[in-house]
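Structural description and commentary
The lines below spell out each chain.
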Amino acid sequence: MLNELDRELEKRGLNFTRYADDCIIAVRSEASAKRIIHSITEWIEKKLGLKVNATKTKITRPEGLKYLGFGFYKDFKTEEWKCKPHKDSIEKFKRKLKQLTGRRWSINFRVRIAKINQVTRGWINYYALGSMKSAMEKMDAHLRTRLRMIIWKQWKVPAKRQWGLQKLGIGKDLARVTAYCGDRYYWIVTRNCVSRAISKEKLAQAGLVSLSDYYAERHMLKLI
């Protein structure tokens, strides 16, 4: 039925995009937007017999728009409008990663990594067209920090922590001092040799997919 709407918008020479019942019409001025929103709403309700949701139908500038999880911004270097994940989409993704990296969740570490990878690959594949390099770099660093805290908790006692650090290349004396720093998880993994021991490379060996690296790969493929 909505194919008829597409034909009507094309007949009027309007620039639009539609996915299911979610439609955007781009015009140059607020006055034009008001005229079109009135006439198209009237056409839909009379011609198609559908009720237009007035609370979801609005006039907005591109930077205030959220469409299929994307937000939009103007690249002033190229004078082009580009897409990126909307801030709400980013926050939802962060909440999911926080859930998957909860220290109270008792699960095999490699199984946890596999579940994280499944979520991050799917999310990045969907948003890969958008610009999000800096966001992925920040989330990458935060994700690794939370995984280090999980490992530090799993090692539990100082002797095990010293053993783990030494196994990962930290000298005996520094490993011993660090092992007896206690359970101040965030402080220890961000201000000590733990981040050097449980490095990006070590986590990659455990199977973790880097968000920023995977995004860079998928983003390039989307642009080709």
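This text goes with the structure placed above it.
Summarised in this report is the structure supplied together with it. (Residues numbered from 1 in each chain as written. Predicted model: local features only at pLDDT ≥ 70, side-chain atom pairs only at ≥ 80, totals over all residues. Heavy atoms only, no water.)

What follows covers the overall build of the chain. Scanning the chain for helices and strands turns up 11 helices and four strands. Taken over the C-alpha trace, the chain has a radius of gyration of 25 Å; the compact-globule value for 224 residues is 17 Å, which it surpasses by more than 25%. In terms of its C-alpha atoms, the chain occupies a principal-axis envelope of roughly 80 × 40 × 25 Å. The burial tally for the chain puts 38% of its 224 residues in the buried class. Total accessible area computed for the chain in this model is approximately 14500 Å², and 52% of it derives from carbon and sulfur atoms. (Helix = DSSP H or I, 4+ residues; strand = E, 2+ residues; numbered from the N terminus. Rg over C-alpha atoms; globule rule 2.2 N^0.38 Å. Buried < 20%, exposed > 50% of the residue type's maximum accessible area, 1.4 Å probe, protein only. Areas by Shrake-Rupley, 256 points an atom, 1.4 Å probe, with all protein chains shown as cover.)

In total, this model carries six aromatic pairs according to the counting rule given. An aromatic cluster is present here, built from F70, F93, W123, Y126 and Y127 joined pairwise through their rings. Against the face of W187 rests R184, its NZ or CZ located 4.4 Å from the ring centre. (Phe/Tyr/Trp six-rings, centres within 6.5 Å; stacked < 30°, edge-to-face > 60°. Lys NZ or Arg CZ within 6 Å of the ring centre and 35° of its normal.)

With that settled, the discussion passes to a nonpolar patch on the surface. On the surface, Y19, L68 and Y126 cluster together to form a nonpolar patch covering roughly 320 Å² of accessible area. Counting through the fold element by element, L68 comes out in the loop between α2 (30-48) and β3 (70-75). Owing to a relative accessible area of 33%, L68 belongs among the partly exposed residues under this scheme. (Patch = residues over 30% accessible without salt bridge, like charges linked within 9 Å, V, L, I, M, F, W, Y side chains within 5 Å. Salt bridge = Lys/Arg side-chain N within 4 Å of Asp/Glu carboxyl O.)

Direction of pairing for β3 relative to strand β4 (residues 80-85): antiparallel, over a ladder of six bridges. The partner of F70 across the bridge, within β4, is P85. Where β3 folds back on β4, the antiparallel hairpin that results is connected by four residues, among which E79 adopts a positive phi of roughly 60°. (Pairing = 2+ DSSP bridges.)

Let us look at a positive patch on the surface. A cluster of like positive charges, contributed by R103, R104, K153, K156 and K160, occupies part of the molecular surface. Following the sequence through the fold, K160 ends up in helix α6 (residues 158-167). In this structure K160 comes out as partly exposed when scored by relative accessible area, which is 35%. (Lys, Arg positive; Asp, Glu negative; His and termini not counted. Charge placed at Lys NZ, Arg CZ, Asp CG, Glu CD.)

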